[in-house]
Amino acid sequence: MISIPHKAKQFLVLLVKLLIVGGAFYFIYNQLANNDKLDWQKFITLFRKNQSVLGIGFILLLSVLNRYFEILKWQNLAKVIHEISLGEATKQVLAALTAGIFTPNGVGEYAGKALYYPKSEAKRVVFLNLICNGIQMILTVLFGTIGLLFLGYWKWVLGIIAISFFFILFSVVFKKIKIKGYSIEKLIHKINEIPKPIHQRNIFLGILRYLVFSHQYYFLFLAFDVDLPYFTLISTIAVVYFLASSLPTFQFLDFAVKGSVAVYFFGILNVNEWIVVFISTLMWFLNVVLPVVLGSYYVLNFKTKRVE
(Lines give C-alpha, C1' and ligand atoms only; values in the text may rest on other atoms or scores of the structure.)
Protein backbone atom coordinates (compact mmCIF):
# COMPACT_ATOMS: atom_id res chain seq x y z
CA MET A 1 0.00 0.00 0.00
CA ILE A 2 1.36 3.42 -1.00
CA SER A 3 2.07 5.75 1.94
CA ILE A 4 1.35 9.44 1.35
CA PRO A 5 3.73 11.86 3.13
CA HIS A 6 2.08 13.91 5.88
CA LYS A 7 2.72 17.27 4.15
CA ALA A 8 1.33 15.97 0.86
CA LYS A 9 -1.74 14.62 2.66
CA GLN A 10 -2.33 17.98 4.34
CA PHE A 11 -2.06 19.73 0.97
CA LEU A 12 -4.53 17.30 -0.65
CA VAL A 13 -7.01 17.76 2.19
CA LEU A 14 -6.74 21.55 1.91
CA LEU A 15 -7.21 21.29 -1.86
CA VAL A 16 -10.36 19.18 -1.42
CA LYS A 17 -11.73 21.68 1.13
CA LEU A 18 -11.10 24.60 -1.23
CA LEU A 19 -12.67 22.72 -4.15
CA ILE A 20 -15.81 21.97 -2.11
CA VAL A 21 -16.22 25.54 -0.84
CA GLY A 22 -15.14 27.14 -4.15
CA GLY A 23 -17.45 24.86 -6.13
CA ALA A 24 -20.38 25.63 -3.82
CA PHE A 25 -19.93 29.38 -4.16
CA TYR A 26 -19.43 29.16 -7.93
CA PHE A 27 -22.66 27.23 -8.44
CA ILE A 28 -24.57 29.64 -6.18
CA TYR A 29 -23.26 32.70 -8.03
CA ASN A 30 -23.87 31.11 -11.43
CA GLN A 31 -27.50 30.34 -10.65
CA LEU A 32 -28.24 33.82 -9.28
CA ALA A 33 -26.36 35.80 -11.94
CA ASN A 34 -27.42 33.87 -15.06
CA ASN A 35 -31.08 33.14 -14.42
CA ASP A 36 -32.92 35.18 -17.07
CA LYS A 37 -36.29 34.55 -15.37
CA LEU A 38 -35.32 36.70 -12.38
CA ASP A 39 -36.57 40.23 -12.95
CA TRP A 40 -34.60 42.06 -10.27
CA GLN A 41 -36.19 45.43 -11.12
CA LYS A 42 -39.69 44.13 -10.36
CA PHE A 43 -38.43 42.57 -7.16
CA ILE A 44 -36.78 45.80 -5.96
CA THR A 45 -39.94 47.80 -6.77
CA LEU A 46 -42.18 45.40 -4.85
CA PHE A 47 -39.68 45.12 -1.99
CA ARG A 48 -39.60 48.92 -1.53
CA LYS A 49 -43.39 48.98 -1.57
CA ASN A 50 -43.82 46.23 1.06
CA GLN A 51 -40.55 46.42 2.99
CA SER A 52 -40.89 45.80 6.72
CA VAL A 53 -38.13 45.20 9.24
CA LEU A 54 -40.44 42.93 11.25
CA GLY A 55 -41.50 41.07 8.12
CA ILE A 56 -37.91 40.47 6.99
CA GLY A 57 -36.93 39.45 10.52
CA PHE A 58 -39.85 36.99 10.67
CA ILE A 59 -38.91 35.34 7.36
CA LEU A 60 -35.27 35.04 8.47
CA LEU A 61 -36.41 33.56 11.80
CA LEU A 62 -38.31 30.85 9.92
CA SER A 63 -35.10 29.99 8.01
CA VAL A 64 -33.21 29.70 11.30
CA LEU A 65 -35.97 27.50 12.76
CA ASN A 66 -36.02 25.31 9.64
CA ARG A 67 -32.32 24.50 9.96
CA TYR A 68 -32.50 24.42 13.78
CA PHE A 69 -35.09 21.62 13.73
CA GLU A 70 -32.91 19.70 11.27
CA ILE A 71 -29.94 20.08 13.64
CA LEU A 72 -32.08 18.87 16.57
CA LYS A 73 -33.16 15.87 14.49
CA TRP A 74 -29.56 14.91 13.86
CA GLN A 75 -28.54 15.48 17.50
CA ASN A 76 -31.42 13.22 18.53
CA LEU A 77 -30.48 10.39 16.11
CA ALA A 78 -26.75 10.65 16.84
CA LYS A 79 -27.54 9.45 20.39
CA VAL A 80 -27.63 5.94 18.91
CA ILE A 81 -23.83 6.24 18.50
CA HIS A 82 -23.04 8.71 21.27
CA GLU A 83 -24.33 11.99 22.69
CA ILE A 84 -23.26 15.14 20.85
CA SER A 85 -23.73 18.78 21.80
CA LEU A 86 -25.95 21.20 19.90
CA GLY A 87 -22.80 22.95 18.65
CA GLU A 88 -21.33 19.69 17.36
CA ALA A 89 -24.61 18.76 15.67
CA THR A 90 -24.70 22.20 14.03
CA LYS A 91 -21.16 21.75 12.72
CA GLN A 92 -21.90 18.31 11.29
CA VAL A 93 -25.20 19.29 9.64
CA LEU A 94 -23.93 22.52 8.03
CA ALA A 95 -20.63 21.04 6.86
CA ALA A 96 -22.45 18.04 5.38
CA LEU A 97 -24.93 20.34 3.61
CA THR A 98 -22.03 22.23 2.02
CA ALA A 99 -20.34 18.98 0.95
CA GLY A 100 -23.56 17.74 -0.62
CA ILE A 101 -24.61 20.85 -2.51
CA PHE A 102 -23.35 19.68 -5.92
CA THR A 103 -23.99 15.94 -5.53
CA PRO A 104 -27.18 14.22 -6.78
CA ASN A 105 -29.94 14.49 -4.16
CA GLY A 106 -27.36 15.62 -1.58
CA VAL A 107 -25.59 12.24 -1.49
CA GLY A 108 -22.39 14.01 -0.40
CA GLU A 109 -24.19 14.95 2.82
CA TYR A 110 -23.98 11.31 3.97
CA ALA A 111 -20.22 11.17 3.45
CA GLY A 112 -19.84 14.62 5.03
CA LYS A 113 -21.38 13.52 8.32
CA ALA A 114 -19.54 10.18 8.32
CA LEU A 115 -16.19 12.01 8.30
CA TYR A 116 -16.90 13.28 11.83
CA TYR A 117 -17.07 9.73 13.18
CA PRO A 118 -14.70 6.75 13.44
CA LYS A 119 -14.47 4.65 10.27
CA SER A 120 -16.02 1.77 12.20
CA GLU A 121 -19.20 3.85 12.64
CA ALA A 122 -19.47 5.05 9.01
CA LYS A 123 -22.27 2.62 8.05
CA ARG A 124 -24.30 3.52 11.14
CA VAL A 125 -23.93 7.25 10.41
CA VAL A 126 -25.12 6.75 6.83
CA PHE A 127 -28.05 4.66 8.09
CA LEU A 128 -29.04 7.26 10.71
CA ASN A 129 -28.84 10.03 8.12
CA LEU A 130 -31.12 7.94 5.92
CA ILE A 131 -33.61 7.75 8.81
CA CYS A 132 -33.25 11.52 9.36
CA ASN A 133 -33.99 12.35 5.72
CA GLY A 134 -36.44 9.47 5.28
CA ILE A 135 -38.99 10.78 7.78
CA GLN A 136 -38.88 14.18 6.09
CA MET A 137 -39.62 12.52 2.74
CA ILE A 138 -42.49 10.47 4.22
CA LEU A 139 -44.04 13.64 5.68
CA THR A 140 -43.59 15.40 2.33
CA VAL A 141 -45.45 12.57 0.57
CA LEU A 142 -48.19 12.52 3.23
CA PHE A 143 -48.87 16.27 3.21
CA GLY A 144 -48.43 16.43 -0.56
CA THR A 145 -51.07 13.72 -1.03
CA ILE A 146 -53.46 15.60 1.28
CA GLY A 147 -52.79 18.70 -0.83
CA LEU A 148 -53.61 16.80 -4.03
CA LEU A 149 -56.86 15.60 -2.44
CA PHE A 150 -57.86 19.13 -1.42
CA LEU A 151 -57.10 20.51 -4.91
CA GLY A 152 -59.09 17.73 -6.56
CA TYR A 153 -56.32 15.74 -8.23
CA TRP A 154 -58.07 12.42 -7.50
CA LYS A 155 -56.35 10.43 -10.25
CA TRP A 156 -52.93 11.45 -8.91
CA VAL A 157 -53.93 10.36 -5.40
CA LEU A 158 -55.17 6.98 -6.67
CA GLY A 159 -51.84 6.56 -8.47
CA ILE A 160 -49.91 7.30 -5.26
CA ILE A 161 -52.09 4.84 -3.30
CA ALA A 162 -51.53 2.16 -5.95
CA ILE A 163 -47.75 2.67 -5.89
CA SER A 164 -47.73 2.62 -2.07
CA PHE A 165 -49.80 -0.59 -2.01
CA PHE A 166 -47.44 -2.23 -4.54
CA PHE A 167 -44.41 -1.17 -2.49
CA ILE A 168 -45.90 -2.59 0.74
CA LEU A 169 -46.83 -5.84 -1.03
CA PHE A 170 -43.35 -6.12 -2.52
CA SER A 171 -41.80 -5.51 0.92
CA VAL A 172 -43.88 -8.31 2.48
CA VAL A 173 -43.36 -10.87 -0.28
CA PHE A 174 -39.65 -10.26 -0.84
CA LYS A 175 -38.61 -9.15 2.64
CA LYS A 176 -36.14 -12.04 3.11
CA ILE A 177 -34.41 -11.78 -0.27
CA LYS A 178 -30.85 -10.56 0.24
CA ILE A 179 -28.88 -8.29 -2.07
CA LYS A 180 -25.20 -8.10 -1.09
CA GLY A 181 -26.10 -9.25 2.42
CA TYR A 182 -28.96 -6.75 2.89
CA SER A 183 -32.70 -7.41 2.92
CA ILE A 184 -35.91 -5.52 3.72
CA GLU A 185 -36.33 -7.69 6.82
CA LYS A 186 -32.85 -6.74 8.04
CA LEU A 187 -33.58 -3.05 7.34
CA ILE A 188 -36.79 -3.20 9.39
CA HIS A 189 -34.90 -4.95 12.19
CA LYS A 190 -32.25 -2.18 12.18
CA ILE A 191 -34.96 0.49 12.33
CA ASN A 192 -36.63 -1.28 15.26
CA GLU A 193 -33.32 -1.39 17.13
CA ILE A 194 -33.47 2.39 17.49
CA PRO A 195 -35.36 3.25 20.73
CA LYS A 196 -38.97 4.38 20.20
CA PRO A 197 -38.50 7.74 21.99
CA ILE A 198 -35.81 8.65 19.41
CA HIS A 199 -38.17 7.75 16.53
CA GLN A 200 -41.01 9.71 18.12
CA ARG A 201 -38.84 12.80 18.61
CA ASN A 202 -37.55 12.47 15.05
CA ILE A 203 -41.13 12.44 13.70
CA PHE A 204 -42.17 15.37 15.91
CA LEU A 205 -39.19 17.51 14.84
CA GLY A 206 -39.78 16.50 11.21
CA ILE A 207 -43.37 17.76 11.41
CA LEU A 208 -42.24 21.03 12.98
CA ARG A 209 -39.63 21.50 10.24
CA TYR A 210 -42.19 20.80 7.51
CA LEU A 211 -44.68 23.29 8.99
CA VAL A 212 -41.99 25.98 9.28
CA PHE A 213 -40.74 25.48 5.71
CA SER A 214 -44.20 25.35 4.09
CA HIS A 215 -45.44 28.40 5.99
CA GLN A 216 -42.32 30.36 5.09
CA TYR A 217 -43.34 29.70 1.49
CA TYR A 218 -46.90 30.80 2.37
CA PHE A 219 -45.87 34.07 4.03
CA LEU A 220 -43.59 34.96 1.10
CA PHE A 221 -46.56 34.63 -1.25
CA LEU A 222 -48.53 36.98 1.02
CA ALA A 223 -45.60 39.42 0.94
CA PHE A 224 -45.76 39.38 -2.87
CA ASP A 225 -49.48 40.30 -2.76
CA VAL A 226 -50.76 36.85 -3.79
CA ASP A 227 -54.36 36.77 -2.54
CA LEU A 228 -55.54 33.16 -2.37
CA PRO A 229 -57.48 31.22 0.32
CA TYR A 230 -55.18 29.73 2.97
CA PHE A 231 -55.97 26.07 2.25
CA THR A 232 -55.66 26.52 -1.51
CA LEU A 233 -52.27 28.17 -1.15
CA ILE A 234 -50.86 25.82 1.50
CA SER A 235 -52.15 22.76 -0.41
CA THR A 236 -50.49 23.94 -3.63
CA ILE A 237 -47.24 24.51 -1.72
CA ALA A 238 -47.48 20.96 -0.31
CA VAL A 239 -48.05 19.52 -3.80
CA VAL A 240 -45.15 21.48 -5.32
CA TYR A 241 -42.80 20.48 -2.51
CA PHE A 242 -43.85 16.81 -2.80
CA LEU A 243 -43.51 16.54 -6.59
CA ALA A 244 -40.27 18.56 -6.75
CA SER A 245 -38.71 16.50 -3.94
CA SER A 246 -39.56 13.32 -5.84
CA LEU A 247 -37.38 14.35 -8.79
CA PRO A 248 -33.64 13.53 -8.79
CA THR A 249 -31.67 16.77 -8.69
CA PHE A 250 -28.71 18.63 -7.20
CA GLN A 251 -29.00 20.94 -4.19
CA PHE A 252 -27.66 23.89 -6.19
CA LEU A 253 -30.44 23.32 -8.77
CA ASP A 254 -33.11 22.81 -6.13
CA PHE A 255 -34.78 26.18 -6.66
CA ALA A 256 -34.86 25.67 -10.43
CA VAL A 257 -36.63 22.31 -10.10
CA LYS A 258 -39.08 23.53 -7.44
CA GLY A 259 -39.53 26.75 -9.43
CA SER A 260 -40.47 24.85 -12.60
CA VAL A 261 -43.01 22.68 -10.78
CA ALA A 262 -44.33 25.72 -8.89
CA VAL A 263 -44.77 27.75 -12.10
CA TYR A 264 -47.03 25.02 -13.50
CA PHE A 265 -49.28 24.60 -10.44
CA PHE A 266 -49.44 28.26 -9.46
CA GLY A 267 -49.99 29.14 -13.11
CA ILE A 268 -53.28 27.20 -12.87
CA LEU A 269 -54.19 29.59 -10.03
CA ASN A 270 -53.21 32.59 -12.22
CA VAL A 271 -50.23 33.59 -10.07
CA ASN A 272 -47.67 35.63 -12.05
CA GLU A 273 -44.73 33.47 -13.20
CA TRP A 274 -42.00 35.90 -12.12
CA ILE A 275 -43.42 35.99 -8.57
CA VAL A 276 -43.35 32.18 -8.37
CA VAL A 277 -39.76 32.06 -9.68
CA PHE A 278 -38.63 34.76 -7.27
CA ILE A 279 -40.20 33.09 -4.24
CA SER A 280 -38.65 29.73 -5.19
CA THR A 281 -35.28 31.48 -5.53
CA LEU A 282 -35.66 33.24 -2.18
CA MET A 283 -36.57 29.97 -0.47
CA TRP A 284 -33.46 28.36 -1.96
CA PHE A 285 -31.31 31.32 -0.94
CA LEU A 286 -32.63 31.43 2.62
CA ASN A 287 -32.65 27.68 3.28
CA VAL A 288 -29.71 26.42 1.22
CA VAL A 289 -27.34 29.27 0.32
CA LEU A 290 -27.12 30.90 3.76
CA PRO A 291 -26.55 27.57 5.59
CA VAL A 292 -23.93 26.63 2.96
CA VAL A 293 -22.09 29.91 3.61
CA LEU A 294 -21.98 29.04 7.32
CA GLY A 295 -21.13 25.42 6.55
CA SER A 296 -18.14 26.54 4.47
CA TYR A 297 -16.48 27.73 7.67
CA TYR A 298 -16.81 24.25 9.19
CA VAL A 299 -15.55 22.58 6.01
CA LEU A 300 -12.43 24.75 5.95
CA ASN A 301 -11.81 24.06 9.64
CA PHE A 302 -12.46 20.34 9.44
CA LYS A 303 -9.81 18.23 11.17
CA THR A 304 -8.81 15.07 9.36
CA LYS A 305 -7.82 13.14 12.48
CA ARG A 306 -10.25 10.29 13.06
CA VAL A 307 -10.47 7.62 15.70
CA GLU A 308 -10.17 4.16 14.16
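Residues numbered from 1 in each chain as written. Predicted model: local features only at pLDDT ≥ 70, side-chain atom pairs only at ≥ 80, totals over all residues. Heavy atoms only, no water.

A closer look at the environment of Thr145
Tracing the chain through its elements places Thr145 in helix α6 (residues 122-151). Sequence spacing of Thr145 and Ile161 is 16 residues, and the spatial spacing of their C-alpha atoms is 9.2 Å. In this structure Thr145 touches Val157, Ile160 and Phe242, once residues within four positions along its chain are discounted. (Helix = DSSP H or I, 4+ residues; strand = E, 2+ residues; numbered from the N terminus. Contact = heavy atoms within 4.5 Å.)

Some thoughts on a nonpolar patch on the surface
A contiguous nonpolar surface patch, about 570 Å² in accessible area, is contributed by Phe58, Leu61, Val64, Tyr68, Leu86, Phe219 and Leu222. Those elements that provide at least two residues to the nonpolar patch are α3 (53-78) and α9 (196-223). The element contributing the most residues to the nonpolar patch is α3, with 4 residues. Assessed through its relative accessible area of 30%, Phe219 is described here as partly exposed. (Patch = residues over 30% accessible without salt bridge, like charges linked within 9 Å, V, L, I, M, F, W, Y side chains within 5 Å. Areas by Shrake-Rupley, 256 points an atom, 1.4 Å probe, with all protein chains shown as cover. Salt bridge = Lys/Arg side-chain N within 4 Å of Asp/Glu carboxyl O. Buried < 20%, exposed > 50% of the residue type's maximum accessible area, 1.4 Å probe, protein only.)

Details of unusual backbone geometry
With a phi close to 60°, Asp225 is a non-glycine residue in the positive phi region. Structurally, Asp225 can be placed in the loop between α9 and α10 (230-245). The class of Asp225 is partly exposed, set by a relative accessible area of 46%. Its identity is not glycine, yet Asn270 carries a phi of approximately 65°, on the positive side. Locating Asn270 in the fold gives a position in the loop between α11 (254-268) and α12 (273-300).

A word on the environment of Ile56
Positionally, Ile56 belongs in helix α3. Residues Ile56 and Ala223, spaced 167 residues apart in sequence, show a C-alpha to C-alpha distance of 9.8 Å.

Considerations on the side chain of Arg67
Examined against the element boundaries, Arg67 turns out to sit in helix α3. No salt bridge is formed by the buried Arg67. Its closest oppositely charged neighbour is Glu70, at 5.4 Å. Contact partners of Arg67, with chain neighbours within four places excluded, come to Val93, Leu94, Leu97, Arg209, Asn287 and Pro291. (Lys, Arg positive; Asp, Glu negative; His and termini not counted.)

Re the nonpolar core
By size, the foremost hydrophobic cluster in this structure holds 36 residues, and its most contacted members are Tyr217, Phe221, Ile237, Phe266, Val271 and Ile279. Considering every element that reaches this core, the biggest residue donor is α10, with 10 residues. Excluding anything up to four places from it in sequence, Tyr217 contacts Ile237, Val240, Ala262, Ile279, Ser280 and Met283. (Core = buried A, V, L, I, M, F, W, Y, C linked by side-chain atoms within 4.5 Å.)

Describing the environment of Val277
Structurally, Val277 can be placed in helix α12. Owing to a relative accessible area of 7%, Val277 belongs among the buried residues under this scheme. The spacing of Val277 and Ala262 is 15 residues in sequence and 7.9 Å in space, taken between C-alpha atoms.

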